[in-house]
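# Structural overview for review
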Amino acid sequence: MLSSHLPLLQVVIPLLAAPVCVILHNKTLGWCLATVVSLVSFIIACTLFGQAASGESVTYAIGGWAAPAGIEYHLDRLTAFLLVIITGLAAFILIGARENLENEIAADRLYLFYTAFLLNLTGLLGVIMTGDAFNVFVFIEIASLSSYAMISISKDRRSLYAAYKYLILGTIGASFILISIGLLYGLTGTLNIYDLHDRLADLENKRTLATALVFFTIGIGLKAAIWPLHLWLPDAYTYSPSIVSTFLAGTSTKVFIYVLVRFIYSLFGIEFSFGVAGLQYLLMLMAVVGILYGSIQAIRQDSIKRLLAFSSIAQIGYMVLGISLATAAGLAAGLIHVFNHAIIKATLFLCVANIIYYTGTDSLKQLGGIGKKMPFTMGLMVIAGLSIIGVPLTAGFISKWFLIQSAMANGYWLLIGLVVFSSILAVVYTWKILETAYFSDAAEAGPVIQDKPVPYSMYATLIIFTGACVYFGLQTDVSVGMATATAESLAGIRP
Amino acid sequence: MALLAPLIGAVLILLSARKPNLRESFTLLSAASLIVIVFSLLPQVISGARPELELFELFPGMNIGFRLEPLGMLFACIASLLWPVNSIYSIGYMRGNDEKHQTRFYICFAIAIASTMGIALSANLVTLFIFYEMLTLSTYPLVTHKGTEDAKQSGRVYLGILLTTSICLLLPAIIWTYSLAGTTMFTEGGIIPAGTDGLVMTALFLLFVYGIGKAALMPVHRWLPAAMVAPTPVSALLHAVAVVKAGVFSIVKVSTYVFSPAALSVMLDVNFVLYLAGFTIIAASIVALRSDNLKRRLAYSTISQLSYVVLATALLIPISILGAALHILAHAFGKITLFFAAGSIYTATHKKNVSELDGIGYRMPITMAAFAIGSLSMIGVPPTAGFLSKWFILQGAFSIENGFAITVIIISTLLNAGYFLPIVYAAFFKQPVNDDDRCFNEAPWPIVLSLSFTAVMTMVLFFYPDIAIKLLQPWVSSLS
């Protein structure tokens, strides 16, 4: 009985927990609640994943109102895949985050942080679950507004400006998405994604549809920080609390990539998006420039968080590149990278979180010889760094292998050259960190500002994530199997 | 299996970091057990067995696994035999020169050996690639061991070239092979389907030849001289035991187990590789002739000797490919002797340049005698192992009347003589500059012991090459 309501519970539990968090008004209880809720969500997501893995899609009509009149939640492979990533990250990041958050956020605001976190989780899960285009917009806004709050909550005053910048750009993006959805509604009179898809197929005049597609792409591009719409991302990741950077880097951009995939494949239809409108060339261009730009900028950074932020822009480029190949293999490669990158980048940010906890800075200039002082954290960072480069036996290698293979199948030799070239750039920026850590003298580094021993819980989280980096480089049933099946079923939706 | 011994060794070394004696006995212990393991497998492989071990499946159609075959076995034997020798030498050298970070040194060394074993025994291209990268990464801390700005700069060159070539060329080549053949398993007779376009095959072969940057074919050779800043045992590891050997081994392996020499020889374009190798041999020899720094001279000599292997492989005749495999063996022992000698001189006298070595033979007779033997092996004079491999390579070149290869080998032999013999001459027949050098004053005993061992082995291999040839026989006959 309960199990049939799981799709709804997935979203509603964190939503209801958020106000409870405000009422509790206590930092420890807030943490307990948020962690428990994330864990429960994770368990629900795993259950749903088990249901969806068999290939059937489950539709849940809210309140018993059938679509298109009512709002329905829709569960298929792609949805379940993303749900597991998001809830898993949320749960495992929170478990070890308490001390770190208390360090970086003022004590009287902590309960607000947990509230925002839960709302953010609600938004992200809602975006994934819902089968209604307008609902997507609503949940995107819940997720975005709460992430502005999470960024600005940091003790670092610069985070206010970063959040403000994100707010402006994010709102522009949201408005564009809204305009797009409005146009679609005007065209068809429905908001259900699958219903829209069916009705759009019969449409004769595609001009308005093309306009909607353009508005949508730009709007979602802003949210997902696809080059050149990434301007908010470096500041937001750099100045927000480390745990927030970790969570956002691992989840929110991934969800917006999901929305992109979902709308292109399930709503606009690939015939139209890729065939008539030629969207793939635009996406490919954005991806290619994004990869190069992000990697080169990353090399030039001094702050590790900022370096990782630019690396994220490049890695988002990889995902978009996979999607833009417009084949099932390419889409699978993109999705595999969504999965792997979520884990890898979260691991790297957690390493930085530990460094900041211990030293109070993330500037490479001041971190010379940190490998000696934090051998454990830096050792794990080496593994995560190798993973982002794409060294075999780590998760990153799997992504790269499939991306190159799918590009090769299409005969895009130039793209392959680009992917391998950017791997080299990734080597450079990763090595910049490792060289500072291991081969620079501690003497030439600045004073260590704080000297706080890192609590074991933070280590525990880090170990789990690094383990995942390696585990998913060896055991690819989940990532590759699921992504391939998803991509094939999506690409098969041709009307 | 063979991989575990050095890895367990690495852990034990880490645990015993504070007690140098214990730490070094763990190194020796794991080295000894590695020899026992590898050589216990040897009779099996000679008798024709091909033991396999599949670790796990990465994704469908892609395994991580190991498979013993003659060529890999030969390489595993070389590496496992030279590791303990090199370790004894390292102990003498590292203590003699009071180097820092010795624990890190021994750990990385053990990991590098484990990766070498992985390369030697891998069953497919992906496994090979994994260990190839692991070897690069584990030797990087060894190259930058001194931690000076100079060492870091060289480390960047080392890592930059090796990673760039392997990621940009080797990895796409592997994926391309996979999409052509549907597998990356090493199989006798090659896996590239017979009807493949000649141009595609040439492009793929070139990707492999340059992707395996460790083979130091010009112009991707720059990492090798750059890595000279490393302590001498590391240079010995790079030049003789692991890194460059892994490079040429991979090339020989790919040309025989992924491609088939018979199919390759049909295509004229492969001559291109032959010319490149020939050019590298001559050019590197000339650079060696002109350099005064002893280690630099040895480094360029290595580049030239490696291209012998590539040249012999590119002849695509079974007999010359046998020569290529034997040259890996011969060069390993010859070059490690030379590097040991160079390190010995440095430890005892802190001399680095050829021009300072006048009369050094009076002071260090054992070292210089070993050096002479190593030089003779490089030149290819009997009774040293270098003669044998050169013999087979030349025999192959004559049998297909490849004038280019013959000319290259003869000229380079002259050049080899030109840059090695003057050193030997100066050491024994010129008078020392100051009187201190007249008295007998050798390097610490571990150093002398290990370099005498490798020098003797160089000669032993000339008289008893049977085991190696018997091991390789089935592999060579499968080529034709």
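Preceding this section is the structure that the text describes.
Please read these numbers as outputs of a predicted model, since none were measured by experiment.

### Description of the overall build of chain B
Scanning chain B from N- to C-terminus turns up 20 helices and 2 strands. Taking 480 residues into account, the globule formula puts the C-alpha radius of gyration at 23 Å, and chain B, at 21 Å, falls close to it. Its C-alpha atoms put chain B at 70 × 55 × 45 Å along the principal axes. Expressed as a percentage of the 480 residues in chain B, the buried residues total 59%.

### Observations concerning the overall build of chain A
Each helix and strand in chain A was counted, giving 21 helices and 2 strands. Since a compact globule built from 495 residues should have a radius of gyration of about 23 Å, the 21 Å found for chain A is in line with a globular shape. Taken over the C-alpha atoms alone, chain A extends approximately 70 × 55 × 40 Å along its principal axes. Here chain A holds 495 residues, and the buried ones make up 61% of them. Look at the contacts in chain A between residues 6 or more apart in sequence, and 80% of them connect residues 24 or more apart.

### Remarks on the nonpolar core
Ranked by size, the top nonpolar core spans 372 residues in total, and within it B:Leu74, B:Ala79, B:Val310 and B:Leu311 carry the most contacts. Here the element with the most residues in this core is helix α15 (residues 328-359) of chain A; it accounts for 22 residues. Discounting chain neighbours no more than four positions away, the residues touching B:Leu311 are B:Leu274, B:Ala277, B:Gly278, B:Ile281, B:Ala405 and B:Val408.

### Considering the pairing of strand β2 (residues 72-75) of chain A
Residue and element names in this part refer to chain A. Of the two faces of β2, both are covered, the one formed by Glu72 and His74 as well as the one formed by Tyr73 and Leu75. Of the pairings in the sheet, the one linking strand β1 (residues 58-61) to β2 comprises 4 bridges and is antiparallel in character. By the bridge assignment for β2, alanine 61 is matched with glutamate 72.

### Remarks on the interface of chain B and chain A
Contacts between the two partners involve 19 residues from chain B, matched on the other side by 19 residues from chain A. Of all the elements in the fold, those that place two or more residues in the side of chain B that touches chain A are β1 (52-59), α5 (125-143) and α6 (149-181) of chain B. In terms of residues, the side of chain B that touches chain A owes the most to one element, α6(B), which gives 10 residues. Looking at the side of chain B that touches chain A residue by residue, the classes come out as 13 nonpolar, 4 polar and 2 charged.

### Describing helix α7 (residues 198-211) of chain B
Residues and elements named next belong to chain B. Between the first and last C-alpha of α7 there are 19 Å, a value that for 14 residues agrees with the 20 Å anticipated at 1.5 Å per step. Among all positions of α7, only Leu204, Phe205, Leu207, Phe208, Val209 and Gly211 are buried. The inward-facing, buried residues of α7 abut α6, α10 (243-257), α11 (261-266) and α12 (271-290).

### Considerations on the packing of helix α18 (residues 395-410) of chain A against α6(B)
Where α18(A) contacts α6(B), the two axes come as close as 10 Å, and the packing angle between them is 60°. Classed by the angle they form, the pair α18(A) and α6(B) counts as oblique. In the crossing of α18(A) with α6(B), the sense of the turn from one axis to the other is right-handed. Residues A:Trp401, A:Ile404, A:Gln405, A:Met408 and A:Ala409 of α18(A) form the contact with α6(B), whose own contacting residues are B:Pro172, B:Ile175, B:Trp176 and B:Ser179. Class assignment of the residues belonging to the contact of α18(A) with α6(B) gives a composition of 7 nonpolar, 2 polar and no charged.

### Considering the environment of A:Ala236
Residues and elements named next belong to chain A. Mapped onto the fold, alanine 236 is located in helix α10 (residues 233-239). Given 29 C-beta atoms within a 10 Å radius, alanine 236 is considered buried. If we ignore the near neighbours within four places in the chain, the residues touching alanine 236 are Ile151, Ala162 and Tyr166.

### Comments concerning helix α6 (residues 133-152) of chain A
The periodicity of an α-helix, 3.6 residues per turn, causes residues three or four positions apart to be oriented the same way. Under the 1.5 Å per step criterion, the end-to-end length of α6(A) is 29 Å for 20 residues, consistent within 8% with the ideal 28 Å. Within α6(A), 16 of the 20 residues are buried, which leaves the element mostly enclosed by the surrounding structure.

### Quick look at the environment of A:Asp108
In this fold, A:Asp108 is placed in the loop between α4 (98-104) and α5 (110-129). For the pair A:Asp108 and A:Gly417, spaced 309 residues apart in sequence, the C-alpha to C-alpha distance is 52 Å.

### Re the packing of helix α17 (residues 375-389) of chain A against helix α19 (residues 413-439) of chain A
In helix packing, the relevant descriptors are the interaxial angle and the interaxial distance, both defined with respect to the helix axes. All names here are of chain A. Where α17 meets α19, the axes come as close as 9 Å, and the angle between the chain directions of the two elements is 170°. Considered as vectors, α17 and α19 are oriented roughly antiparallel to each other. Contact with α17, carried on its side by Met378, Val382, Gly385, Ile388 and Ile389, involves Ser423, Ala426, Val427, Thr430, Ile433, Leu434 and Ala437 of α19 and no other residues of that element.

### A word on the environment of A:Phe92
Residue and element names in this part refer to chain A. On the secondary structure map, phenylalanine 92 appears in helix α3 (residues 77-95). Considering only alpha carbons, one finds phenylalanine 92 and phenylalanine 42, 50 residues apart in sequence, at a separation of 9.5 Å. In this structure phenylalanine 92 touches Thr461, Ile464 and Phe465, once residues within four positions along its chain are discounted.

### Regarding unusual backbone geometry
The amide bond that connects A:Trp227 to the next residue, A:Pro228, takes the cis arrangement and shows omega of 0°. Within the element layout of this structure, A:Pro228 appears in the loop between α9 (207-224) and α10.

Calculation notes
Residues numbered from 1 in each chain as written. Chains lettered and ligands numbered in written order. Predicted model: local features only at pLDDT ≥ 70, side-chain atom pairs only at ≥ 80, totals over all residues. Helix = DSSP H or I, 4+ residues; strand = E, 2+ residues; numbered from the N terminus. Rg over C-alpha atoms; globule rule 2.2 N^0.38 Å. Buried ≥ 20, exposed ≤ 12 C-beta atoms within 10 Å, placed from the backbone. Contact = placed C-beta atoms within 7 Å. Core = buried A, V, L, I, M, F, W, Y, C linked by C-beta atoms within 7 Å. Pairing = 2+ DSSP bridges. Nonpolar A, V, L, I, M, F, W, Y, C, P; charged D, E, K, R; others polar. Expected span 1.5 Å × (residues − 1). Axes fitted to C-alpha atoms, helices over the stretch in contact; angles between N-to-C directions. Parallel < 35°, antiparallel > 145°, perpendicular 65-115°, else oblique. Left-handed = near helix turned anticlockwise from the far one by under 90°.

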